[in-house]
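Structural features, examined
In case you want the letters, here they are:
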Amino acid sequence: MNNDKMKNIVALCKRRGIIYPGSEIYGGMANTWDYGPYGVLLKDNVKQAWWEDMVMKRSDIVGLDSGILMNPRVWEASGHTQEFADPLVECRKCHQRFKQNGLKKCPECGGELTKPKQFNLMFKTNVGPVADDKNITYLRPETAQGIFVNFKNVLDSTRVKLPFGIAQIGKAFRNEITPGNFTFRTLEFEQFEIEYFVKDAASADKSFADWAKTRFDWYINLGIDKKNLALRKHSKDELAHYAKAVTDIEYKFPFGMGELEGIANRGTFDLKQHEKHSGQKLRYTDDKDKDVMPHIIEPSGGVDRAVLAFLVDAYDEDEAGKEKRVVLRLHPRLAPIKAAILPLVKKAPLVKQAKDIYEELKDKFFVEYDEVGTVGRRYRRQDEVGTPFCITVDFENLEKGQVTVRRRDSMKQDLVKIDRIEEFLKDKLQ
Ligand code: ATP
């Protein structure tokens, strides 16, 4: 079902308000997508899970939220102005650009192609009212540089001690020309990145291995099937100019293996470059008052790619009774809606009790109330967006002060006392 699987997921995302094509009423825009009402919850939950696991629960990592627009000298120091480019050929007739890939004639119009030229992936813009070369700046193509330029600020304003990390979640932009495979490759995306600073090269080697494991396990703990994940070590000639070693975490998408996250040993490259270009000392002073230039390990992931992998891995079709159903078997931490509250039929005492339960729960969990259509259809709708529990109020159980709680994956039902529902959910949603 592989090829169809991707199509089905894209269709489900649109139909159920998870992800929509960008600017759709104007005919769309290639490689742009918008997150709908359920999608924004899913994406937020992915970011929150990362933030809780990587920042909140660790004492060695602090957070940061730096700007998208930065002094353009940052991108000279980082090497992006010179190096962040793909070689492309351009059609002399229709001016479209393509990766060369053995092309002889323009695949769009048959026109003659230029020799390959370096094409920078950074989006340029101008600051101020005049568009000239002196006020050019860029939309950041990665969040990492915001961390490096704040390294000194964090040292001076907090009590961090080596080894420590600075973590950031934020938007990045790349003028990608290769086709996107849904949200896998987009012009605008979010990254979750950590720059982890350690005292020397030996510590960096150890930390590099530790981070690859920590990040690999993170995806598995949130429900990704281990057999769909792989670690891939970059060969020497594949390494970017700044990296001593890189290991990618790849996911088996229906369209092939694709990178979710790269863990890079960047050595001292970044801090050295920014020292050189800014003229500021970017060193850590150790207990013996010695200046140390830390080595850096960078786990750098894409939020949108993680969301896509969680969606693909969770997507399933099975039989509910005699009917086929689509179900997203999302980890409860990631599920957009944690529980739906449903009166079995739209009759006064059931509706009132269901609404009371909804009111009670809605300040603590993302829950939904639904009374439209048969209960079977309402279950199906919740299965499609991955809601782990459906709480149903029926006449017989209402008299006993209880409800049925249906589980999304097994479709098994438990009887739960109305005053214990909150406790039940808290316990099961970890
Ligand atoms: P690729 O080789 O797929 O272009 P990359 O190696 O250039 O990715 P990095 O620069 O290492 O990517 O960026 C870190 C992470 O940011 C990637 O692992 C990916 O999850 C995410 N990312 C990068 N480019 C995009 C994009 N155009 N759309 C969505 N996510 C992206």
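Structure shown above.
Owing to the predicted nature of the structure, the values given are computational and were not obtained by experimental measurement.

The next subject is unusual backbone geometry. Following Leu-162, the chain continues to Pro-163 via a peptide bond in cis, the omega torsion being -5 degrees. The residue Phe-182 is not glycine, and still its phi comes out positive at about 60 degrees. Tracing the backbone through its elements, the reader meets Phe-182 in the loop between strand E9 (164–173) and strand E10 (188–198). Its identity as a non-glycine residue notwithstanding, Met-411 has a phi of 65 degrees, on the positive side. When its relative accessible area of 25% is taken as the criterion, Met-411 is described as partly exposed.

We now examine the packing of helix H2 (residues 37–56) against helix H7 (residues 201–221). Packing of H2 against H7 brings their axes to within 12 Å, and their N-to-C directions diverge by 140 degrees. Viewed along their axes, H2 and H7 adopt a mutual orientation that is oblique. In this structure, H2 crosses over H7, and the sense of that crossing is right-handed. Together, Val-46, Ala-49, Trp-50, Asp-53 and Met-54 of H2 and Trp-211, Thr-214, Arg-215 and Trp-218 of H7 make up the contact between the two elements.

Strand order in the open sheet formed by five strands is E20-E19-E21-E22-E23, with mixed pairing between adjacent strands. Edge positions in the sheet fall to strand E20 (367–369) and strand E23 (413–417), since each has one partner strand and no second. Between one strand axis and the next, the sheet turns by 25 degrees as a mean value, whatever way the strands run. Here strand E19 (residues 339–343) pairs with E20 via three bridges, running parallel. Within the sheet, the bridge partner assigned to Ala-339 lies in E20 and is Val-367.

What follows covers helix H10 (residues 348–361). An ideal rise of 1.5 Å per residue puts 20 Å on 14 residues; H10 measures up with 20 Å between its terminal C-alpha atoms. Buried within H10 we find Leu-350, Val-351, Gln-353, Ala-354, Ile-357 and Leu-361. Those residues of H10 hidden inside the fold are in contact with E19, E20, strand E21 (389–393), helix H12 (395–399), strand E22 (402–407) and helix H13 (421–428).

In this section: the pattern of salt bridges. Under the criterion given, the structure shown has 48 salt bridges. We note a salt bridge from Asp-44 to Lys-47, for which the minimum N-O separation is 4.0 Å. Of this pair, Asp-44 and Lys-47 both sit in helix H2, three residues apart, roughly one helical turn. We note a salt bridge from Asp-60 to Arg-58, for which the minimum N-O separation is 2.8 Å. When its relative accessible area of 18% is taken as the criterion, Asp-60 is described as buried.

Definitions and limits used
- Residues numbered from 1 in each chain as written.
- Predicted model: local features only at pLDDT ≥ 70, side-chain atom pairs only at ≥ 80, totals over all residues.
- Heavy atoms only, no water.
- Helix = DSSP H or I, 4+ residues; strand = E, 2+ residues; numbered from the N terminus.
- Buried < 20%, exposed > 50% of the residue type's maximum accessible area, 1.4 Å probe, protein only.
- Axes fitted to C-alpha atoms, helices over the stretch in contact; angles between N-to-C directions.
- Parallel < 35°, antiparallel > 145°, perpendicular 65-115°, else oblique.
- Left-handed = near helix turned anticlockwise from the far one by under 90°.
- Contact = heavy atoms within 4.5 Å.
- Pairing = 2+ DSSP bridges.
- Expected span 1.5 Å × (residues − 1).
- Salt bridge = Lys/Arg side-chain N within 4 Å of Asp/Glu carboxyl O.

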